[in-house]
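Each chain, written out:
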Amino acid sequence: MASNVNPTVRRRRLGMELRKLREDKGMTAEQVAERLLVSQSKISRLENGRRSISQRDVRDLCEVYEVDDRRLVDSLMQMAKDSRQQGWWHAFGDIPYSVYIGLETDAASLRVYEPQIIPGLLQTPEYATAIIRGALPETAQADIDKRVQVRMRRQERVSDSENETERGPLRLWAVIDEAALLRRVGDAQVMANQLRHLIEQSELPHVTVQVMPFSMGAHPGVNGQYAILEFPDASDSTVVYIEGVTSDLYLEKANDVQKYSVMYEHLRAQALNVEQTREFIARAIHEHERAGR
């Protein structure tokens with residue numbers, strides 16, 4: 001497996017292979033768990049890539065599935081070894097959304113809807129600091145600084161088109177609710193600078209930004225934020241990511257992904273187009289600057 005594939009994606013690919021072996025054997029996750037004297041949830045987490053997979057796990061599962069092909073077993077064992085390597089984000093310590101970062105790092109495209117804030121990949125450091133401090137009021141300044149550093153590092157996939165040239169820059173499409181433009185995060189100057197940055201980023205060839213105005217009324221995004229990640233390798237299934245306060249939700253079933261993808265197409269169709277969006281953001285900048293005088 002290519003060395004530039006990050007450990008989160010390695011775990012997902014290995015999990016998919018193990019799930020296929022189980023299904024080919026005609027066994028349920030509960031039956032496998034009973035054979036190995038482990039919980040059914042462990043088998044599920046191994047198969048969906050949410051849990052680190054050891055070589056011993058692979059060996060035991062291959063025995064249960066009666067895999068006779070030694071080359072296949074060796075390949076899966078190597079994938080397990082590679083999947084335990086650390087991604088760049090591990091250098092920052094315990095990051096609560098490390099699974100998402102791993103997926104985002106290897107994604108080819110990201111479609112995101114944000115109803116309340118500017119998407120993290122398009123935030124300025126000052127805005128990011130203010131939004132994290134406001135959302136997590138009991139968090140120590142050192143932890144806030146670490147989260148901001150991680151966010152800025154994540155933005156390299158968008159801002160540096162020369163970075164990771166084999167993959168190219170992340171193709172980002174963001175639909176942002178008008179509320180995110182009007183909500184003052186930090187002071188008026190922080191907001192004005194953030195919105196200028198948003199316009200600048202929207203001018204990159206691989207970034208598209210659209211605003212969903214209040215005047216549109218009810219729309220498919222009223223239930224909240226979500227993101228759709230797609231990957232360059234066709235074997236890697238598309239993932240819908242929904243951020244939570246204490247835990248996050250990852251949807252990979254084809255039916256779920258299809259529903260969210262259709263919802264996103266409706267969002268894009270109902271939102272302001274690119275030029276209208278830039279004009280709308282420019283007016284919001286003026287309003288923030290006027291309020292700050």
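These notes cover the structure that comes with them. Everything numeric here is computed off the predicted structure, so don't read it as measured data.

**Brief notes about the packing of helix α4 (residues 55-64) against helix α5 (residues 70-83)**
Here α4 crosses α5 at 150 degrees, and the two axes come no closer than 8 Å. Between α4 and α5, the crossing angle belongs to the class labelled roughly antiparallel. The interaxial crossing formed by α4 with α5 has right-handed handedness. Counted together, Gln-55, Val-58, Arg-59 and Cys-62 of α4 and Val-73, Leu-76, Met-77, Ala-80 and Lys-81 of α5 form the full contact between these two elements. Grouping the constituent residues of the contact of α4 with α5 by class yields six nonpolar, one polar and two charged.

**Some thoughts on the pattern of salt bridges**
Counted according to the given criterion, the structure contains 17 salt bridges. Asp-60 serves as the salt-bridge partner of Arg-56, at 4.0 Å between the closest nitrogen and oxygen. On the criterion of helical spacing, the pair formed by Arg-56 and Asp-60 is a turn pair, its members being four residues apart in helix α4. Residue class for Arg-56 comes out exposed when judged on its relative accessible area of 59%.

**Some details on unusual backbone geometry**
Apart from glycine, the bulk of residues carry a negative phi angle, and the bulk of peptide bonds sit in the trans form. Even without a glycine there, the phi angle at Leu-37 is positive, about 60 degrees. Position of Leu-37 among the secondary structure elements: in the loop between α2 (29-36) and α3 (40-47). Despite not being glycine, Glu-66 has its phi angle at roughly 55 degrees, a positive value. Note on placement: Glu-66 falls in the loop between α4 and α5.

**Some words on the sheet that holds strand β1 (residues 109-114)**
If you walk across this open sheet you meet the six strands as β3-β2-β1-β4-β5-β6, and the pairing is mixed. Two strands bound the open sheet, and with one partner strand each, they are β3 (207-212) and β6 (249-251). This sheet shows a mean twist of 15 degrees between the axes of neighbouring strands, independent of strand direction. When β1 meets strand β2 (residues 171-177), the two strands line up parallel, connected through six bridges. The residue bridging Tyr-113 from the neighbouring strand is Val-175, located in β2.

Criteria and cut-off values
Residues numbered from 1 in each chain as written. Predicted model: local features only at pLDDT ≥ 70, side-chain atom pairs only at ≥ 80, totals over all residues. Heavy atoms only, no water. Axes fitted to C-alpha atoms, helices over the stretch in contact; angles between N-to-C directions. Helix = DSSP H or I, 4+ residues; strand = E, 2+ residues; numbered from the N terminus. Parallel < 35°, antiparallel > 145°, perpendicular 65-115°, else oblique. Left-handed = near helix turned anticlockwise from the far one by under 90°. Contact = heavy atoms within 4.5 Å. Nonpolar A, V, L, I, M, F, W, Y, C, P; charged D, E, K, R; others polar. Salt bridge = Lys/Arg side-chain N within 4 Å of Asp/Glu carboxyl O. Buried < 20%, exposed > 50% of the residue type's maximum accessible area, 1.4 Å probe, protein only. Pairing = 2+ DSSP bridges.

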